[in-house]
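Residues per chain are reported as follows:
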Amino acid sequence: MIIVMKPEATKDQVAHVASRVTELGLEPHTIVGTERTVVALVGDERPVSQDLLESMPGVEKVVPILAPYKMASVEMHRQPTQVKVDGFAFGGRKVGLIAGPCTVEDRSMLIELAHEVKAAGAVALRGGAFKPRTSPYAFQGLAETGLRYLAEAREATGLAVVTEVMAPEQVPMVAQYADVLQIGARNMQNYDLLRAAGNQPKPVMLKRGLAATVEEWLLAAEYILKQGNENVILCERGVRTFEQHTRFTLSLSVVPQLKQLSHLPVIVDPSHGTGRRKLIEPMSLAAIACGADGLIIEVHDHPEEAVLDGQQSITSAEFARLVAKCRRVAEAVDRDL
Ligand code: PEP
Ligand code: MN
């Protein structure tokens, strides 16, 4: 961290800043220039409040040097992390596909669909049993019954199960059925939930908040990592912008950007990211081309009858065709699928 003093800062103010940062456990190095004095701090600056330093007399601004997230950062962990989900490693050479309905609806339909997406090449089945809905009057999910259907589908197919958990008190129950706990966009900054997910060993798929910056997102991942769970997969699912043409704006540039900042695997959700069935395939191909470690796609055999998100769901036959195309793109960027 570097503290830049105001041009008119007095020697006493500089000395006061230096003694305050020493109290905070950092080593100050004062550099007196012809126009400005700066105080460079040596040590872990992350626990130190930037606001506190910036409010001291004579201080103009504080420039952090280290990323505010530590465990999620490449600074601390140079090698890419591979998150193991059953036998599959997200973040390895293989691109992992997660597919299934927006919400668990019907037992036999789910099991049939699971067989179809597995045959097409999916490694995991998605489906929400607890649904975060904008309206309290809308369908809220089948809760534990839905989790049981997912577990049955896993038994029948061998697919791993990815499903959303919305509250800290739901974590033990969801973790009992799921292979990956999904934390949805609306809960990305639910810090009690992040901590609860970090206190158990199952992998966590952390979706980007609807209006979250990359830094906020990585700090949310940091909450999980800090509790001791290193198995975090980041999922880009689009952000809210002025654009009305698509449901959200799928920010694919965060994929290579995250790869420079973090060692965590990154997957992309082109279903929620676009809200449009026709855009799922092109954005899936683009996501793999720019380095995504996987995709999570809404698949339903009768999208027009889907309880939720039919407009952004593809059929399993379309999914199978998409996988074949994704495979060719994966090969082109030295990945397998
Ligand atoms: C979902 O994947 O089911 C979902 C609700 O997504 P998001 O949290 O990204 O809106
Ligand atoms: Mn959905």
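Preceding this paragraph is the structure being described.
Residues numbered from 1 in each chain as written. Chains lettered and ligands numbered in written order. Predicted model: local features only at pLDDT ≥ 70, side-chain atom pairs only at ≥ 80, totals over all residues. Heavy atoms only, no water.

Participant: Describe the packing of aromatic side chains, naming the residues involved and giving the relevant values.
Facilitator: Under the defined criterion, the tally for this structure stands at two aromatic pairs. Ring centres of Phe88 and Phe90 lie 4.9 Å apart, and the angle between their planes is 70°; this geometry places the pair in the edge-to-face category. The burial state of Phe88 is the same as that of Phe90; both residues are buried. With a centroid separation of 4.5 Å and an interplanar angle of 25°, the aromatic rings of Tyr191 and Tyr223 are classed as stacked. Here the residue Tyr191 occupies a position in helix H6 (residues 191–198), and Tyr223 occupies one in helix H7 (residues 214–226), the gap between them amounting to 32 residues. Taking relative accessible area as the criterion, Tyr223 reaches 28% and is therefore assigned partly exposed. (Phe/Tyr/Trp six-rings, centres within 6.5 Å; stacked < 30°, edge-to-face > 60°. Buried < 20%, exposed > 50% of the residue type's maximum accessible area, 1.4 Å probe, protein only. Helix = DSSP H or I, 4+ residues; strand = E, 2+ residues; numbered from the N terminus.)

Participant: Summarise the site of ligand 1; cite the residues concerned and give the values.
Facilitator: The full set of residues close to ligand 1 is Arg126, Lys131, Glu164, Gln182, Gly184, Ala185, Arg186, Lys207, Arg237 and His272. Within the contact set of ligand 1, an oxygen atom lies 2.7 Å away from a side-chain nitrogen or oxygen of Arg126. In the environment of ligand 1, an oxygen atom lies 2.8 Å from a nitrogen or oxygen atom belonging to the side chain of Lys207. The fraction of the free accessible surface of ligand 1 (290 Å²) that becomes covered by protein chains is 96%. Its atoms largely coinciding with the cavity grid, ligand 1 occupies the second largest pocket. Its residues assigned to classes, the shell around ligand 1 comprises one nonpolar, three polar and six charged. (Near = heavy atom within 4 Å. Polar contact = N/O pair within 3.5 Å; in protein donor to acceptor, adjacent residues only side chain to side chain. Areas by Shrake-Rupley, 256 points an atom, 1.4 Å probe, with all protein chains shown as cover. 1 Å grid on protein atoms, 1.4 Å probe; cavity = no way out; pocket = protein on both sides within 12 Å on 5 of 7 lines; lining within 4 Å. Sits in = over half its atoms within 2 Å of the grid points. Nonpolar A, V, L, I, M, F, W, Y, C, P; charged D, E, K, R; others polar.)

Participant: Give a detailed account of the sheet that holds strand S9 (residues 160–164), specifying residues and quantitative values.
Facilitator: Taken in spatial order, the eight strands line up as S7-S8-S9-S10-S11-S12-S13-S14 and close into a barrel, and their pairing is parallel. Looking at each pair of strands side by side, their axes are set apart by 25° on average, direction ignored. Both strand S8 (residues 124–126) and S9 contribute to a ladder of three bridges, which runs parallel. Residue Leu125 lies in a different strand from S9, and its bridge partner there is Val161. Strand contacts of helix H4 (residues 144–157): S8 and S9, with the helix running at about 160° to S9, the strand carrying the most contacts. (Pairing = 2+ DSSP bridges. Axes fitted to C-alpha atoms, helices over the stretch in contact; angles between N-to-C directions. Contact = heavy atoms within 4.5 Å.)

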